[in-house]
Every structure is written in C-alpha cells, then in structure tokens.
Amino acid sequence: GDILCNIDADNFIMEGFAELLNEYFKKNCIVCSPSIDALGIPGSCGKIALKAEHFYAVNGYNEDLNLGWGWDDTDLQFRARMQNNLECVVLD
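Note that this is a predicted model, so its numbers are computed, not measured.

Thresholds applied
Per-chain numbering applies: the sequence of each chain, read as written, is numbered from 1 onward. Whole-chain, interface and lining totals are the exception, using all residues; otherwise, since this is a predicted model, local features are given only for residues with pLDDT of at least 70 and side-chain atom pairs are given and counted only at 80 or more. Each side-chain value is derived from all of the structure's non-hydrogen atoms; neither hydrogens nor water enter the calculation. Only DSSP runs of H or I with at least four residues qualify as helices, and only runs of E with at least two residues qualify as strands; both kinds are numbered from the N terminus onward. What the globule rule says is 2.2 Å times the number of residues to the power 0.38, and the radius of gyration is computed from C-alpha atoms. Residue burial is assigned from relative accessible area. The probe radius is 1.4 Å, only protein chains are included, and a residue is buried under 20% of its type maximum, exposed over 50%, and partly exposed in between. Here, two residues are considered to be in contact whenever any of their heavy atoms come within 4.5 Å of each other. Per-residue and other accessible areas were derived by the Shrake-Rupley procedure at a 1.4 Å probe size, with only the shown protein chains allowed to occlude residues. The charged-residue count follows a simple rule in which Lys and Arg add positive charge and Asp and Glu add negative charge, with His and chain termini not counted at all. Taken as the charge location is NZ of Lys, CZ of Arg, CG of Asp or CD of Glu. Expected helix span is computed as 1.5 Å times (number of residues minus one). Sulfur atoms of two cysteines make up a disulfide when they are within 2.5 Å.

Caption draft 1: Quick look at the overall build of the protein. Along the backbone of the protein there are three helices and four strands. Along the protein, from the amino end to the carboxyl end, the secondary structure elements read β-α-β-β-α-α-β. Its C-alpha radius of gyration of 13 Å places the protein within 12% of the 12 Å reference for a compact globule of 92 residues. For the protein, the spread of C-alpha atoms along the principal axes amounts to about 35 × 30 × 20 Å. Within the protein, the fraction of its 92 residues that count as buried is 35%. Intrachain contacts of the protein at a sequence separation of at least 6 include 64% that bridge at least 24 residues. Total accessible area on the protein stands at roughly 6000 Å², and carbon and sulfur atoms take up 52% of it. Separation of charge centres in the protein, based on 6 positive and 15 negative side chains, amounts to 8 Å.

Given below as structure tokens:
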C-alpha cells in the first residue's frame, strides 16, 4: 500500500519489476514510461508508479481532463513531481 503502480492493459512487466520499483523508491522519485511512445505518439505513458502519499497529495488522477487517452498519466506525473519535488525515473 505504500507504492501505487498503474499498468495499462496494453503494457507488460518483466520478472523482477516489483524489486526494481523497491530499489527506486529508496529515493524521492516517481517512475513512469516515456511520455512519447515508439511511434512518436505523445501522452501515452502506460506505466506509472509513485508513493501513495505523493498520489494523494495531488488528489490522484484528474478525472476532468478531456484530452484523449494517455494524457492522464502525463498530467499526474507532472503534478506529483512539482508538488512533491520528485525526480522522474523513466523506464522503457
């Protein structure tokens, strides 16, 4: 419950992913996929993980966004980084 991780249905994780997150969260960070995918499409993160306290500090996802799919992760990661002074760790 200390770390929240969202993985979109069209994403996958590899063996050892949870252990990798554990290592990253020894420092003050947020972990996410690149904000631009391999096809050059922006706003399509797919994976995002952050401490629960940082998620709740920004009231979670902005359900009022109407920008199409993908931007909700980008928005959450930006707001959480700014509010909590987090380093962004980008995992491919």
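There's plenty left to go through after this.
Caption draft 2: Here's a closer look at helix α3 (residues 71-84). If you check α3, its first and last C-alpha atoms are 20 Å apart, about what 14 residues at 1.5 Å a residue would give, namely 20 Å. When α3 is considered as a whole, its buried residues turn out to be D73, T74, D75, L76, Q77, A80 and N84. On its buried face, α3 sits against β1 (3-7), β2 (29-32), β3 (47-51), α2 (52-57) and β4 (87-90). Positive backbone phi, approximately 55°, marks N85, located one or two places after α3.

Caption draft 3: Region of the structure containing the environment of I7. Here I7 shows up in strand β1. Along the sequence, I7 and L20 sit 13 residues apart, while their C-alpha atoms lie 15 Å from each other.

Caption draft 4: Spotlight on the state of the cysteines. Throughout the structure, instances matching the rule amount to zero disulfides. The thiol of C5 is not disulfide-bonded; the next cysteine sulfur, from C32, is found 11 Å away. Given the relative accessible area of 37%, C5 is considered partly exposed. The thiol of C88 is not disulfide-bonded; the next cysteine sulfur, from C32, is found 3.5 Å away.

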